Amino acid sequence: MNPRSSRIAVTAAAVVVLAGLATGCNRGSDSNASAAGGKPAIGVDLPRADSDFWNSYAQYVKQDASAQGLNTLPVSNSQNDVTKLVANVQVFQNTGAKAVVMAPQDTGAIASTLDQLSAKKIPVVSVDTRPDKGNVYMVVRADNRAYGTKACEFLGQQLGGKGKVAELQGALSSVNGRDRSEAFATCMKEKFPGIEVIELATDWKGDVASAKLQSTLAANPDLGGVYMQAGGVFLQPTLALLQQKGLLKPAGQSGHIAIVSNDGIPQEFDAIRRGDIDATVSQPADLYAKYALHYAQAAAEGKTFQPGPTDHQSTIISLPNGLEDQLPAPLVTKDNVDDKSLWGNGVGK
């Protein structure tokens, strides 16, 4: 499947997911108040529909909103566009939201909207991304610097500390892209100075990543590794390109290009089993949805939390603009890819 058809398929899947959300747990604030036992209304914005990771998150939001018996307003999708996110949040305000769950992809441009919500005493839970400024009740994400460090250490060992690695960076306007990139660079410099890192900015776009990787391969036929900061958007175009070039050789075979990804989607697990890629960091889409909704409900009810260990194997840390619950994100290799506790092995089942 080429990148364009892949995007069409993903978008179609997203439409189905959103349709389910609209009928399953999205009801008007008035009628839903009685259906949900008078619980406060919660607005949920999905960040995009062009990523298998975020489409899985959307499914978990639907499941958990129902399981937790929450009063959710019609779920929106800002499609990686901060102006749409701002407009969607305005709708939440106008329809009685007492808390908002969002995942702003541009973490610098959302500050004024967060200030407006704070002024109206509407708490915000930010999923996966940490806004640069503006008050947040809770950020639900994993330690993204650890993503970059884990990827660096694994690739460094696979390459024996020598060679060239292409890094498909996420958007550097996003705290996640910055954290992963900075940690990867620091680790490589300190632990594997014999490895040359070729940084490729992609803005989280698969077609951009594929085009830049193609140019990199042409200029560096001895490329030994690839770090993909988001398997949900980079996996398919990267594997398609390597296969087209005759470079998609299984792990353990001469000429194999070592690949480490981030996300933990089922497609990455299948690629690890085939030997197409070597590892990924499992970003917990299931826990993102579960605890984002949990904290949103708690916020709407006026509950508070303090820094320290939680009852779900994570740690809440203090931020200049709020709190962050740092959820666990394990490295997945051929040795543990079949672990049933990984959400990528249970999604859709």
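In what follows, the structure referred to is the one given above.
Computed from a predicted model, the values in this text were never measured in an experiment. (Residues numbered from 1 in each chain as written. Predicted model: local features only at pLDDT ≥ 70, side-chain atom pairs only at ≥ 80, totals over all residues. Heavy atoms only, no water.)

1. Some words on the sheet that holds strand β7 (residues 163-169)
By way of backbone hydrogen bonds, the strands of a sheet pair with one another, either parallel or antiparallel.
No. 1: Taken in spatial order, the six strands make up an open sheet running β8-β7-β9-β10-β11-β15, and their pairing is mixed. Looking along the sheet, the strands with just one partner apiece sit at the ends: β8 (195-201) and β15 (331-332).
No. 2: Examined bridge by bridge, strand β11 (residues 279-282) and β15 share two bridges and lie antiparallel to one another. Bridging across to β15, Val281 finds its partner in Leu331.
No. 3: Packing against the sheet, helix α6 (residues 144-158) makes contact with β7, β8, β9 (225-228), β10 (258-263), β11 and β15, and its axis sits at approximately 165 degrees to β10.
No. 4: Against the sheet, helix α7 (residues 175-191) contacts β7, β8, β9 and β10, and its axis sits at roughly 165 degrees relative to β7. (Pairing = 2+ DSSP bridges. Helix = DSSP H or I, 4+ residues; strand = E, 2+ residues; numbered from the N terminus. Contact = heavy atoms within 4.5 Å. Axes fitted to C-alpha atoms, helices over the stretch in contact; angles between N-to-C directions.)

2. Examining the packing of helix α8 (residues 206-219) against helix α9 (residues 231-244)
No. 1: For the pair α8 and α9, interaxial distance at closest approach is 9 Å and the crossing angle is 35 degrees. Our pair here, α8 against α9, has a crossing hand that is right-handed. Between α8 and α9, the contacting residues are Gly206, Ala209, Ser210, Leu213, Gln214 and Leu217 on the first element and Val233, Phe234, Pro237, Thr238, Leu241 and Leu242 on the second.
No. 2: Counted by class, the contact of α8 with α9 contains eight nonpolar, four polar and no charged residues. (Left-handed = near helix turned anticlockwise from the far one by under 90°. Nonpolar A, V, L, I, M, F, W, Y, C, P; charged D, E, K, R; others polar.)

3. A few points about the nonpolar core
No. 1: In terms of nonpolar packing, the biggest core is built from 55 residues, with Tyr57, Val101 and Tyr288 touching the most fellow members.
No. 2: Setting aside chain neighbours within four positions, we find Tyr57 in contact with Leu46, Val101, Val127, Ala285, Tyr288, Ala289 and Ala292.
No. 3: Of all hydrophobic cores here, the second largest spans 28 residues; its members include Leu200, Leu223, Leu239 and Ile257. (Core = buried A, V, L, I, M, F, W, Y, C linked by side-chain atoms within 4.5 Å. Buried < 20%, exposed > 50% of the residue type's maximum accessible area, 1.4 Å probe, protein only.)

4. Section: unusual backbone geometry
No. 1: With a phi close to 60 degrees, Asp203 is a non-glycine residue in the positive phi region.
No. 2: With respect to the helices, strands and loops of the structure, Asp203 is situated in the loop between β8 and α8.

5. Describing the pairing of β10
No. 1: Burial within β10 is extensive, with six of its six residues counted as buried.
No. 2: Going residue by residue along β10, you find Ala258, Val260 and Asn262 tucked away on one face and Ile259, Ser261 and Asp263 tucked away on the opposite face as well.
No. 3: Of the strand pairs in this sheet, β9 and β10 are connected by three bridges, and their pairing is parallel. Following the sheet pairing, Val226 is matched in β10 by Ile259.
No. 4: Between the parallel pair β9 and β10, the chain is carried across by α9, and the sense of this crossover is right-handed.
No. 5: Bridging between β10 and β11 involves four bridges; their strand directions are parallel. Bridge pairing in β11 places Asp263 opposite Ser282.
No. 6: Handedness of the crossover joining β10 and β11 through helix α10 (residues 266-274): right-handed. (Right-handed = clockwise from strand over helix to strand, strands pointing away.)

6. A short note on the state of the cysteines
No. 1: Applying the stated rule across the entire model yields one disulfide.
No. 2: Paired through a disulfide, Cys152 and Cys187 show a sulfur-sulfur distance of 2.1 Å. With the S-S dihedral at roughly -75 degrees, the linkage between Cys152 and Cys187 falls on the left-handed side. Here Cys152, found in helix α6, pairs with Cys187, found in helix α7; they are 35 residues apart in sequence, far enough to count as distant. Of the two residues, Cys152 and Cys187, neither departs from the other in class, the shared state being buried. (Disulfide = S-S within 2.5 Å.)

7. Points about the pattern of salt bridges
No. 1: Within this structure, the stated rule accounts for 13 salt bridges.
No. 2: A salt bridge links Asp203 to Lys205, with the shortest nitrogen-to-oxygen separation between them at 3.8 Å.
No. 3: Residue Lys205 is classed as partly exposed on the basis of its relative accessible area of 39%.
No. 4: The partner of Glu301 in a salt bridge is Lys303, and the shortest N-O contact between them spans 3.4 Å. (Salt bridge = Lys/Arg side-chain N within 4 Å of Asp/Glu carboxyl O.)

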